[in-house]
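The residues making up each chain are set out below.
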Amino acid sequence: MSKDKVYIFDTTLRDGEQVPGCKLDTKQKLVIAQRLDSLGVDVIEAGFPISSPGDFASVKEIARVVKNATVCGLTRSVKKDIEVAAEALQPAKRPRIHTGIGTSDSHIKYKFNSTREKIMERAVDAVKYAKSFVEDVEFYAEDAGRTENEFLARICEEVIKAGATVLNIPDTTGYCLPEEYGAKMKYLRENVRGIEKAILSCHCHNDLGLATANSISGVINGARQIECTINGIGERAGNTSLEEVVMILRQHPYLNLDTGINSKLLYSTSQMVSEKMGMPVQPNKAIVGSNAFAHSSGIHQDGVIKKRETYEIIDPHEVGVDHSSIVLTARSGRAALAYRAKKIGYELTKVQLDVVYEEFLRFADRKKEILDEDIHQIVESADVNIESLA
Ligand code: KIV
Ligand code: ZN
């Protein structure tokens, strides 16, 4: 059975770049945009064109060079924003305007000092205006995660009538639980007239560490686009991480959902974004962290050496990492030591291994990680008659 397509909307260059200290210049953005295009993302949110002349120029340049993906620009529900975005997107093969407004009672009252009816009117006017420039218009209901479902459904219905092709349901504050976010998508699918004319999109923030779980819950409940960033970078605690959702859908084929992303480019893309933004990837980051395929406890190492799948659910080659690593620490066992010693040329008998292992433990208690050069020293000081194969 063919799988349902989940569109990947990458916002590394817009929501991701909002992170303090991660500002990129146009040249850097272009390199990342071209890499995202090769990765196979469906939409690249290139920036917020009205926000600065630099962002305008970047969106325009990205629109000019990107070959396959739709190129998208963010706007508020403000005419001038939409005009400027339309101008920046002009060279794009597939342009999309992403417009919207806050829909939660808190945003309506405190941000806009307005009413639901007036917000609805602004939303509809913005979509109609954007539609006068481009065919593909995505509407975001900012803070949808805390917006009452009934009102959210009404506003979705009206913006679809106005021509919106995609409905973005952001959990802007990262507040929702996965069940709640999934139920919201289900509610919209069941209660918005004309919903079949639009794609529901997940846009989740990670304030409670639930961005990925919420996005997956969203697609299980009928959304067909996920908005995400490389390394999960983004406002505050970040956005949904692209590499995580891609690999979750890949690793759970019974969900029958596929993104079409070239996963072999995930690791190098993560490194590229980290390096250009000057934002290190945390070592324990899922999929792309330096420890994601490293094994250091004796029990795990023994299992992985016997059969990789015992402790690894992803083949590292699938995400562009060339091998799993066996890290030697004081928690490692004989199997790991023998494995690493063999790799650098020492074929140890059982008796020899027992002696070398005692020496290894003394060494490892003084040092966090044992490297290949340490193994040479350990073997030499273990005083066993070893014929080096090196
Ligand atoms: O988090 C959010 O609500 C956003 C919108 C502007 C799409 O980033
Ligand atoms: Zn966001």
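Residues numbered from 1 in each chain as written. Chains lettered and ligands numbered in written order. Predicted model: local features only at pLDDT ≥ 70, side-chain atom pairs only at ≥ 80, totals over all residues. Heavy atoms only, no water.

Chemist: Can you lay out the nonpolar core for me, pointing to particular residues and giving the numbers?
Modeler: Judged by nonpolar contacts, the single largest core of 89 residues is most densely connected at Ile 8, Val 41, Leu 167, Ile 169 and Leu 242. Split by domain, the residues of this core number at least three in each of domain 1 (4-277) and domain 2 (294-381). Contact partners of Leu 242, with chain neighbours within four places excluded, come to Ile 8, Asp 10, Leu 39, Val 41, Cys 228, Thr 229, Ile 230 and Leu 266. With 21 residues, the next largest nonpolar core counts Leu 328, Tyr 346, Phe 363 and Val 379 among its residues. (Core = buried A, V, L, I, M, F, W, Y, C linked by side-chain atoms within 4.5 Å. Buried < 20%, exposed > 50% of the residue type's maximum accessible area, 1.4 Å probe, protein only. Domains from an automatic or database assignment. Contact = heavy atoms within 4.5 Å.)

Chemist: Can you break down the coordination of the zinc ion (ligand 2) residue by residue, with the values?
Modeler: Every protein donor of the zinc ion (ligand 2) is accounted for by Asp 15 (OD), His 203 (NE2) and His 205 (NE2), and the metal-donor separations fall at 2.1 Å. Motif for the zinc ion (ligand 2), donor spacing along one chain: D-x187-H-x1-H. A residue pair is termed long-range when its members are at least 10 positions apart, and Asp 15 in the loop between strand 2 (7-10) and helix 1 (26-39) and His 203 in strand 8 (residues 199-204) qualify at 188 residues. Take Asp 15 and His 203: they sit in the same class, and that class is buried. (Donors = N, O, S within 2.8 Å, 3.2 Å for Na, K, Ca; no water. Helix = DSSP H or I, 4+ residues; strand = E, 2+ residues; numbered from the N terminus.)

Chemist: Could you give an account of the sheet that holds strand 8, naming the residues involved and the relevant values?
Modeler: Overall, parallel pairing links the eight strands, which are arranged 2-3-4-5-6-7-8-9 in a closed barrel. Taking each pair of neighbouring strands and ignoring which way they run, the sheet shows an average axis angle of 25 degrees. Sheet topology note: the strand 6 (residues 136-142)/strand 7 (residues 166-171) ladder contains three bridges and is parallel. Among the inter-strand pairings, Glu 138 is bridged to a residue of strand 7, identified as Val 166. (Pairing = 2+ DSSP bridges. Axes fitted to C-alpha atoms, helices over the stretch in contact; angles between N-to-C directions.)

Chemist: Got a sec to walk through the site of ligand 1? Specific residues and values, please.
Modeler: All residues adjacent to ligand 1 are Arg 14, Asp 15, His 98, Tyr 140, Glu 142, Asn 168, Pro 170, Thr 172, His 203 and His 205. Contacts to ligand 1 include Arg 14, whose side-chain N or O atom sits 2.9 Å from an oxygen atom. A distance of 3.0 Å is found between an oxygen atom of ligand 1 and a side-chain nitrogen or oxygen belonging to His 205. Within the complex, the protein chains bury 92% of what would otherwise be the 260 Å² of accessible surface of ligand 1. Secondary structure elements with two or more residues in the shell around ligand 1: strand 6 and strand 7. In terms of residue class, the shell around ligand 1 is made up of two nonpolar, five polar and three charged. (Near = heavy atom within 4 Å. Polar contact = N/O pair within 3.5 Å; in protein donor to acceptor, adjacent residues only side chain to side chain. Areas by Shrake-Rupley, 256 points an atom, 1.4 Å probe, with all protein chains shown as cover. Nonpolar A, V, L, I, M, F, W, Y, C, P; charged D, E, K, R; others polar.)

Chemist: Tell me about the pattern of salt bridges, and name the residues and values.
Modeler: Side-chain pairs of opposite charge can arise where the charged atoms are in close proximity. Applying the stated criterion across every chain, the model contains 34 salt bridges. For the salt bridge of Glu 312 with Arg 308, the shortest nitrogen-to-oxygen distance reads 3.1 Å. Arg 308 sits in the partly exposed class, given a relative accessible area of 23%. (Salt bridge = Lys/Arg side-chain N within 4 Å of Asp/Glu carboxyl O.)

Chemist: Which residues make up the domain arrangement of the protein, and what values do they have?
Modeler: Segmentation of the protein into domains returns domain 1 (4-277) and domain 2 (294-381). Computed over C-alpha atoms, the centres of domain 1 and domain 2 are 44 Å apart. Listed by partner, the interface residues are seven residues for domain 1 and seven residues for domain 2. Between domain 1 and domain 2 the total buried area reaches about 590 Å² when both faces are included, carbon and sulfur atoms providing 55% of it. (Buried area = accessible area lost by both parts, 1.4 Å probe.)

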